[in-house]
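# Structural features, examined
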Amino acid sequence: MTEKLLFTGKTHNTGGRNGGTKSSDGMLELKLAQPHPAAENLFGAAWSACYIGAIEVAALQRKIKLPAGLAVDTEIDLNVNDGSYFLRARLNVSLPELDRDVAHELIHAAHAICPYSKATHGNIDVETNLI
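Residues numbered from 1 in each chain as written. Predicted model: local features only at pLDDT ≥ 70, side-chain atom pairs only at ≥ 80, totals over all residues. Heavy atoms only, no water.

Looking up the protein in an unreviewed UniProt entry gives the name Ohr subfamily peroxiredoxin, with the organism given as Ensifer adhaerens.

A word on the sheet that holds strand 1 (residues 11-14). Strand order in the open sheet formed by 3 strands is 1-2-3, with antiparallel pairing between adjacent strands. The outermost strands of the open sheet, each flanked by one partner alone, are strand 1 and strand 3 (29-31). Going from strand to strand, the sheet's axes swing by 5° on average, the running direction of each strand aside. Pairing of strand 2 (residues 20-23) with strand 3 involves 3 bridges; the strand directions are antiparallel. (Pairing = 2+ DSSP bridges. Helix = DSSP H or I, 4+ residues; strand = E, 2+ residues; numbered from the N terminus. Axes fitted to C-alpha atoms, helices over the stretch in contact; angles between N-to-C directions.)

Okay, the sheet that holds strand 6 (residues 125-130) next. An order of 4-5-6 is seen for the 3 strands of this open sheet, with the pairing classed as mixed. At either end of the open sheet lies a strand with only one pairing partner, and these are strand 4 (71-81) and strand 6. Averaged over all pairs of adjacent strands, the angle between strand axes in this sheet comes to 15°, irrespective of strand direction. Where strand 4 lies against strand 5 (residues 84-94), 11 bridges are found, and the strand directions are antiparallel. Residue E75 lies in a different strand from strand 5, and its bridge partner there is R90.

Before going further, it helps to examine the pattern of salt bridges. The final tally for this structure, using the stated rule, is 4 salt bridges. Across the salt bridge formed by E75 and R90, the nearest N and O atoms sit 2.8 Å from each other. Taken together, the positions of E75 in strand 4 and R90 in strand 5 put the pair 15 residues apart, joining distant regions of the chain. For R88, the salt bridge is made with D125, and the minimal N-O distance between the two is 3.4 Å. Residue R88 is found in strand 5, and its partner D125 is found in strand 6; the two are separated by 37 residues along the sequence. Since its relative accessible area comes to 36%, R88 is described here as partly exposed. When salt bridges with common partners are traced through the structure, they connect E75, D77 and R90 into a single cluster. (Salt bridge = Lys/Arg side-chain N within 4 Å of Asp/Glu carboxyl O. Buried < 20%, exposed > 50% of the residue type's maximum accessible area, 1.4 Å probe, protein only.)

It is worth spelling out the packing of aromatic side chains at this point. Enumeration over the complete set of coordinates arrives at 2 aromatic pairs. Between the aromatic rings of F43 and W47, the centroid separation amounts to 5.4 Å while the plane-to-plane angle is 50°, which identifies the pairing as tilted. In this pair, F43 and W47 are both assigned in helix 1 (residues 35-61), 4 residues apart and thus about one turn of the helix distant. Taking the relative accessible area as the measure of exposure, F43 reaches 24% and is therefore partly exposed. For W47, a relative accessible area of 0% translates into the label buried. (Phe/Tyr/Trp six-rings, centres within 6.5 Å; stacked < 30°, edge-to-face > 60°.)

Structure representation (structure tokens):
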């Protein structure tokens, strides 16, 4: 099997009170006066965008028509214990009007497709909820 590069995201970040981030393609430009909660919010936004795409791929593979209201609300917690920092995540998925068993199947399959889910698997506690 041959690997194929699909996309490379490039950003430039600066710190301090006037800090921020900007993507090389100009699609993203944000002021980030503090590293947190900006890092957790950006991670949540990126993961949920990827996860929606993974749900769409899973549905396409199964020939399931997705409802118009597909949404993912992601919560990323930054925690500390004895000076060691770690993350926890909750992915709250809305698949209105879709059979709950089918929705759970898609949600489960999406974790095997989404690169963010793969990268975090076994590294952070992740809770996925169908809302």
